Amino acid sequence: MADFTEAQAAVVRIERAEPGRWDLSVISDSGVPMGHGVYLFEADRDDEQDEVAGAAEFVAEYGFRFEPDAVVADGPDAFWAPMLPKD
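Please read these numbers as outputs of a predicted model, since none were measured by experiment.

Asks: Is there a simple way to think about the packing of aromatic side chains in this case?
Replies: Each pair of aromatic rings is reported with the distance of its centres and the angle of its planes. If you walk through the whole model with that rule in mind, you get two aromatic pairs. When the ring of Phe 58 is compared with that of Tyr 62, the centres are 5.2 Å apart and the planes differ by 70°; the resulting orientation is edge-to-face. By relative accessible area, which is 7% here, Phe 58 ends up buried.

Rendered as structure tokens:
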């Protein structure tokens, strides 16, 4: 478990590092990276649904969730979404 409060955890960032690998980061409200993970998969399964599912599993480990329809593109291979407390 990362050492941050619910108020500090603002977004999850999903960024393609290479084919078959997405880097996942929890970013605080002040822009500081507070958690990092890697989502590895078969390159032929590289689609939006898989990366969002991988990011959802990642943030759940920290006690958070995000709404899939709140995911925002941030360039061709990067996305982010605001995090919410896990129900």
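Asks: Quick question: what am I supposed to make of the nonpolar core here?
Replies: Among soluble globular proteins, nonpolar side chains are generally buried collectively. If you look at the biggest cluster of nonpolar residues, it comprises 16 residues, and the most contacted ones within it are Val 12, Ile 14, Phe 58, Val 59, Phe 66 and Met 83. Elements with a contribution of two residues or more to this core: strand S1 (9-18), strand S2 (21-28), helix H1 (48-60) and strand S6 (78-82). Once residues within four sequence positions are removed from consideration, Phe 58 is found in contact with Val 12, Leu 24, Ser 25, Val 26, Gly 35, His 36 and Gly 37.

Asks: Even after reading the chapter, I still don't get the pattern of salt bridges, so can you show me in this structure?
Replies: Two side chains carrying opposite charge are able to pair once their charged atoms lie near each other. Going through the model one piece at a time under the given rule, you end up with five salt bridges. One salt bridge in this structure joins Glu 15 and Arg 13, with 3.6 Å as the shortest N-O distance. Take Glu 15: its relative accessible area is 37%, and that puts it in the partly exposed class. In this structure, the salt-bridge partner of Asp 23 is Arg 21, at a minimum N-O distance of 2.9 Å. Looking at Asp 23, the relative accessible area reads 18%, which means it is buried. Counted as one network, the salt bridges with shared partners bring together Arg 13, Glu 15 and Asp 74.

Asks: For this particular structure, what's the right way to read the environment of Ser 25?
Replies: Mapped onto the elements of the fold, Ser 25 is located in strand S2. What makes Ser 25 buried here is its relative accessible area of 15%. The spatial distance from the C-alpha of Ser 25 to the C-alpha of His 36 is 4.4 Å, given a sequence separation of 11 residues. Those residues within four positions of Ser 25 in sequence are excluded, and the remaining contacts are Val 11, Val 12, Arg 13, Gly 35, His 36 and Phe 58. At 3.3 Å, the side chain of Ser 25 and the side chain of His 36 are in polar contact.

Analysis parameters
Residues numbered from 1 in each chain as written. Predicted model: local features only at pLDDT ≥ 70, side-chain atom pairs only at ≥ 80, totals over all residues. Heavy atoms only, no water. Phe/Tyr/Trp six-rings, centres within 6.5 Å; stacked < 30°, edge-to-face > 60°. Buried < 20%, exposed > 50% of the residue type's maximum accessible area, 1.4 Å probe, protein only. Core = buried A, V, L, I, M, F, W, Y, C linked by side-chain atoms within 4.5 Å. Helix = DSSP H or I, 4+ residues; strand = E, 2+ residues; numbered from the N terminus. Contact = heavy atoms within 4.5 Å. Salt bridge = Lys/Arg side-chain N within 4 Å of Asp/Glu carboxyl O. Polar contact = N/O pair within 3.5 Å; in protein donor to acceptor, adjacent residues only side chain to side chain.

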